Amino acid sequence: MAAPKVAVVGAGVIGLSTALCIVETCPSCSVTILSDQFSPNTTGDVAAGMLIPHTYPDTPIHVQKQWFKETFTYLFAISNSAEASEAGIHLVSGWQVFKSTPKEKLPFWSDVVLGFRPMSEAELQKFPQHQFGQAFTTLKCECPPYLLWLEKRLKATGVQMYTRKVADLWDLHSEYDIIVNCAGIGAHQLVGDKKLFPVRGQVLKVHAPWVKNFIRDGDGLTYIYPGIHSITLGGTREKESWSLSPDPGTTKDIFDRCCSLEPSLQKAQDIKAKVGLRPSRHCVRLQREVLSQGGVKLPVVHNYGHGASGFSVHRGTAREAARLVAECIAALQGSSSRAKL
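Residues numbered from 1 in each chain as written. Predicted model: local features only at pLDDT ≥ 70, side-chain atom pairs only at ≥ 80, totals over all residues. Heavy atoms only, no water.

### A word on the overall build of the chain
Scanning the chain for helices and strands turns up eight helices and 14 strands. Taking 2.2 N^0.38 as the reference for a compact globule, 341 residues should give roughly 20 Å; the C-alpha atoms of the chain span a radius of gyration of 21 Å, in line with that estimate. Burial statistics for the chain: of 341 residues in total, 55% are counted as buried. For the chain, the share of sequence-separated contacts (at least 6 apart) that also reach a separation of at least 24 residues comes to 76%. Accessible area for the chain stands at about 15500 Å²; split by element, carbon and sulfur atoms hold 53% of it. For the chain, the centre of its 37 positive side-chain charges and the centre of its 30 negative side-chain charges are spaced 2 Å apart. (Helix = DSSP H or I, 4+ residues; strand = E, 2+ residues; numbered from the N terminus. Rg over C-alpha atoms; globule rule 2.2 N^0.38 Å. Buried < 20%, exposed > 50% of the residue type's maximum accessible area, 1.4 Å probe, protein only. Contact = heavy atoms within 4.5 Å. Areas by Shrake-Rupley, 256 points an atom, 1.4 Å probe, with all protein chains shown as cover. Lys, Arg positive; Asp, Glu negative; His and termini not counted. Charge placed at Lys NZ, Arg CZ, Asp CG, Glu CD.)

Have a look at this one:
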C-alpha cells in the first residue's frame, strides 16, 4: 500500500498536537491539516493554558491522570529547554483556595504537579474569606506562541496545512485514507454530536506585571493566571451559550471578583475581554469508527470534547489518537494485502 494519507480536521491545540503525534508515531504516512480557523482565531487562543485539570465525570480517573501526566511531562521538558520562550511555556507557582474545606483534599493530579502541599496558616492570612488552601507549582502555556510553535514543528516535518471548511467527513474520502476529527465545538455540526455542548468562557487579559503567583478559587470560576506578557482573569462557565461577544456586565463582575482575591489588581492596565466556547462533553470522545456508505468504508478517529481541560490533557489524548490512527493504518494494510491474494 502507498503511504497512507491522513487528514486532521481542526487546527486548535488538539488538532495540531494530534497531527504532531501522528507524524511521530506513523512516520510513513502523509498528514494534512484542514481547518477553517488557525491561530490566533481558535478557542485555544482565548484559553489561559494553565495545567490544572477539570474532572470528566464519565472517564476513569486513572485514564485522566495518565493524559495529564503525559502532557505535564512533555511540556515540562520543553520548559527546561532552549525552546521554552518561543513555545511560551513556563512554570508558575500559586494557590488554590477554598471557602470551606473540600471533601477531597488531594485531587487526583496532586502528585503530578510540583511541590503540592496544604497552605500554611500564614499563607491563608492573604485570603481572609477562605479557610483552606493548597499551594503548588504547575505549568502555563501561552496559547498563541504555543500554537505557532506547534505549526512550525509540523511544517518542518512536511505536514501541509490548508484553510478549508469541512462540512461533511465524506467530502474527504476520495482524497484521504483516514480522517481524524479534532473539530472541537465544530463537531456539534460536523458529526451531529448531541452530547457536545458549548460552555462559554469570558476572560480578561490585563497588564499587571507585579502579580507573579496564580490564585484560583476552589470552585474554578474565579482565577488569576499570570502569563509572560499579560495576566488572564476569569471567568465564566455558561452552558449552552453560543455568544462570542464580550458582555460588559460580565467584565465588571470578573474584575471585581479577581480584585477581591488580589486587591492590587485595581491598578491593572489595558483590560481586554475575550470569549471562547469550550467544547464540552461528559467525556472526551476518543475512539475509532468506520463510517460506511454504499459499500465504501471511511476510517475515522475522533479526538474532541475536551472542555476546560484541553491544555491540561492535550498531549496525552493526542498520543492516544495517534495510536488509534496506527491501528487504522494496520487494518488498511491488512485489507490491501488480503485484496492482492
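### Topic: the state of the cysteines
Taken as a whole, this structure holds zero disulfides when the rule is applied. The thiol of Cys29 is unpaired, and the distance to the nearest cysteine sulfur, on Cys26, comes to 4.9 Å. (Disulfide = S-S within 2.5 Å.)

### Here's the deal with the packing of aromatic side chains
Summed over the entire model, instances satisfying the criterion amount to 13 aromatic pairs. Relative to Phe136, the ring of Phe116 has its centre 5.6 Å away and its plane inclined at 25°; by these criteria the two rings are stacked. Of this pair, Phe116 sits in strand E4 (residues 114-118) while Phe136 sits in strand E5 (residues 132-141), placing them 20 residues apart in sequence. Between Phe214 and Tyr225, the ring centres sit 6.4 Å apart and the planes meet at 65°, which makes this aromatic pair edge-to-face. (Phe/Tyr/Trp six-rings, centres within 6.5 Å; stacked < 30°, edge-to-face > 60°.)

### Some details on the UniProt feature "binding site: FAD" (unreviewed entry) in the chain
Within this structure's numbering, the places UniProt gives as "binding site: FAD" (unreviewed entry) are Val166. You can see Val166 is positioned in the loop between strand E6 (160-163) and strand E7 (178-181). Look past the residues within four positions of Val166 in its chain and what remains in contact with it is Val9, Leu34, Leu172 and Leu190. (UniProt positions renumbered as here; feature names shortened; annotations may be inferred.)

### Topic: the nonpolar core
Ile22, Val31, Ile33, Leu75 and Tyr146 are the most contacted members of the largest nonpolar core, which totals 66 residues. Considering each element in turn, this core owes the most residues, nine residues, to helix H8 (residues 310-340). (Core = buried A, V, L, I, M, F, W, Y, C linked by side-chain atoms within 4.5 Å.)

### Some thoughts on helix H5 (residues 143-156)
End to end, H5 covers 20 Å across 14 residues, agreeing with the expected 20 Å (1.5 Å per residue, within 8%). Buried within H5 are the following residues: Cys143, Tyr146, Leu147, Trp149, Leu150, Glu151 and Leu154. Gly158 occupies a position one or two residues after H5 and carries a positive phi of about 95°. (Expected span 1.5 Å × (residues − 1).)

### Observations concerning helix H1 (residues 13-25)
The end-to-end C-alpha distance of H1 is 18 Å, a good match for the 18 Å that 13 residues give at a rise of 1.5 Å each. When you tally the buried positions in H1, you get 11 out of 13 residues, the bulk of the element. Taken as a whole, H1 has its buried residues at Val13, Ile14, Gly15, Leu16, Ser17, Thr18, Ala19, Leu20, Cys21, Ile22 and Val23.

### Re the side chain of Thr222
Checked against the element boundaries, Thr222 lands in the loop between strand E9 (214-217) and strand E10 (223-226). Within the structure, Thr222 has its side chain in polar contact with the side chain of Arg257 (distance 2.9 Å). In this structure Thr222 touches Ile215, Arg216, Asp217, Gly234, Gly235, Arg257, Cys258 and Leu261, once residues within four positions along its chain are discounted. (Polar contact = N/O pair within 3.5 Å; in protein donor to acceptor, adjacent residues only side chain to side chain.)

### Things to note about the side chain of His314
Locating His314 in the fold gives a position in helix H8. A polar contact of 2.8 Å, which involves the side chain of His314, links it to the side chain of Tyr146. When residues no more than four places from it in sequence are discounted, the contact partners of His314 are Val13, Ile14, Ser17, Thr71, Leu75 and Tyr146.

### Some thoughts on the pairing of strand E2 (residues 30-35)
The buried fraction of E2 is high, at five of six residues. Here strand E1 (residues 5-9) pairs with E2 via five bridges, running parallel. Its bridge partner being in E2, Val9 is matched across the sheet by Leu34. The parallel pair E1 and E2, bridged by H1, forms a crossover whose chirality is right-handed. Note that E2 and E6 share four bridges and pair parallel. Bridge pairing links Leu34 to Tyr162 in E6. (Pairing = 2+ DSSP bridges. Right-handed = clockwise from strand over helix to strand, strands pointing away.)

### Focus: the packing of helix H2 (residues 61-79) against H5
Put simply, H2 and H5 touch, their axes get as near as 14 Å, and they point 90° apart. Classified by the interaxial angle, the pair formed by H2 and H5 is roughly perpendicular. Contacts between H2 and H5 involve Tyr74, Leu75 and Ile78 from the former and Tyr146, Trp149 and Arg153 from the latter. The residue makeup of the contact of H2 with H5, split by class, is five nonpolar, no polar and one charged. (Axes fitted to C-alpha atoms, helices over the stretch in contact; angles between N-to-C directions. Parallel < 35°, antiparallel > 145°, perpendicular 65-115°, else oblique. Nonpolar A, V, L, I, M, F, W, Y, C, P; charged D, E, K, R; others polar.)

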